[in-house]
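Remarks on the overall topology
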Amino acid sequence: QVQLVESGGGLVQPGGSLRLSCAASASGTIFSIRSMGWYRQARGQRELVASIASDGSTKYADSVKGRFTISRDNAKNTAYLQMNSLKPEDTAAYYCNFEEVLGVGASGDYWGQGTQVTVSS
């Protein structure tokens, strides 16, 4: 079994920055994670914010291009989302998603529990 533990959310003023982290925790060794992504949900609709594949290629929602940066540390099975120039419309619950996780006693897709980001003055 794999658990994704998120951290880094909170309250920030417009124009500020936050860094989210998502670490995979497993009882056995994790061999590979094909894709790590961040989604956000506000008013019931979940949308992809950014994703990074095992080869390092990235995708971003148009609304965050140039402001958010996704990265991953394969040795730590961790994904990061650096969020700069935050706007009130970035307010949402942010969820990490790891796709095609392969490891000892682990395979499939996993979701984090979510972390709240609120951008307000």
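To start, this report covers the structure provided alongside it.

Rules used throughout
- Residues numbered from 1 in each chain as written.
- Predicted model: local features only at pLDDT ≥ 70, side-chain atom pairs only at ≥ 80, totals over all residues.
- Heavy atoms only, no water.
- Helix = DSSP H or I, 4+ residues; strand = E, 2+ residues; numbered from the N terminus.
- Rg over C-alpha atoms; globule rule 2.2 N^0.38 Å.
- Buried < 20%, exposed > 50% of the residue type's maximum accessible area, 1.4 Å probe, protein only.
- Contact = heavy atoms within 4.5 Å.
- Areas by Shrake-Rupley, 256 points an atom, 1.4 Å probe, with all protein chains shown as cover.
- Lys, Arg positive; Asp, Glu negative; His and termini not counted.
- Charge placed at Lys NZ, Arg CZ, Asp CG, Glu CD.
- Pairing = 2+ DSSP bridges.
- Disulfide = S-S within 2.5 Å.
- Patch = residues over 30% accessible without salt bridge, like charges linked within 9 Å, V, L, I, M, F, W, Y side chains within 5 Å.
- Salt bridge = Lys/Arg side-chain N within 4 Å of Asp/Glu carboxyl O.
- Axes fitted to C-alpha atoms, helices over the stretch in contact; angles between N-to-C directions.

**What to know about the overall build of the protein**
Looking only at helices and strands, the protein has zero helices and 11 strands in total. Each helix and strand of the protein, placed in order from N terminus to C terminus, yields the pattern β-β-β-β-β-β-β-β-β-β-β. Over its C-alpha atoms the protein spans a radius of gyration of 14 Å, differing by no more than 12% from the 14 Å that the globule rule assigns to 121 residues. Along the first, second and third principal axes, the C-alpha set of the protein runs to 45 × 25 × 25 Å. Counting all 121 residues of the protein, 44% fall into the buried class. Across the protein, contacts joining residues at least 24 apart in sequence account for 56% of those joining residues at least 6 apart. Taken as a whole, the protein presents about 6300 Å² of accessible surface, with 45% of it coming from carbon and sulfur. Side chains of the protein carry 11 positive and 10 negative charges; the gap between the two charge centres is 4 Å.

**Concerning the pairing of strand β5 (residues 45–53)**
Where strand β4 (residues 30–42) lies against β5, eight bridges are found, and the strand directions are antiparallel. By the bridge assignment for β5, Y39 is matched with L48. Hairpin connection of β4 to β5: two residues between the antiparallel strands, including R43 at a positive phi of 55°. Across three bridges, β5 lies against strand β6 (residues 58–60) in antiparallel orientation. In the sheet register, I52 faces β6, and the bridge partner there is T58.

**Examining the state of the cysteines**
Under the definition given, this model contains one disulfide. Covalent S-S linkage joins C22 and C96, the inter-sulfur distance amounting to 2.0 Å. The S-S bond linking C22 to C96 shows a torsion near 55°; that makes this disulfide right-handed. Of this pair, C22 sits in strand β3 (residues 18–26) while C96 sits in strand β9 (residues 92–103), and the two are 74 residues apart along the sequence. By the burial criterion, C22 is buried, and C96 matches it.

**Focus on a nonpolar patch on the surface**
A surface patch of nonpolar side chains, amounting to about 320 Å² of accessible area, comprises F31, L102 and V104. In this structure V104 comes out as partly exposed when scored by relative accessible area, which is 47%.

**Re the sheet that holds strand β7 (residues 68–73)**
As summarised here, the arrangement of the four strands in space is β1-β3-β8-β7, forming an open sheet in which the pairing is antiparallel. Two strands bound the open sheet, and with one partner strand each, they are β1 (2–7) and β7. Ignoring strand direction, the axes of neighbouring strands in this sheet form an average angle of 15°.

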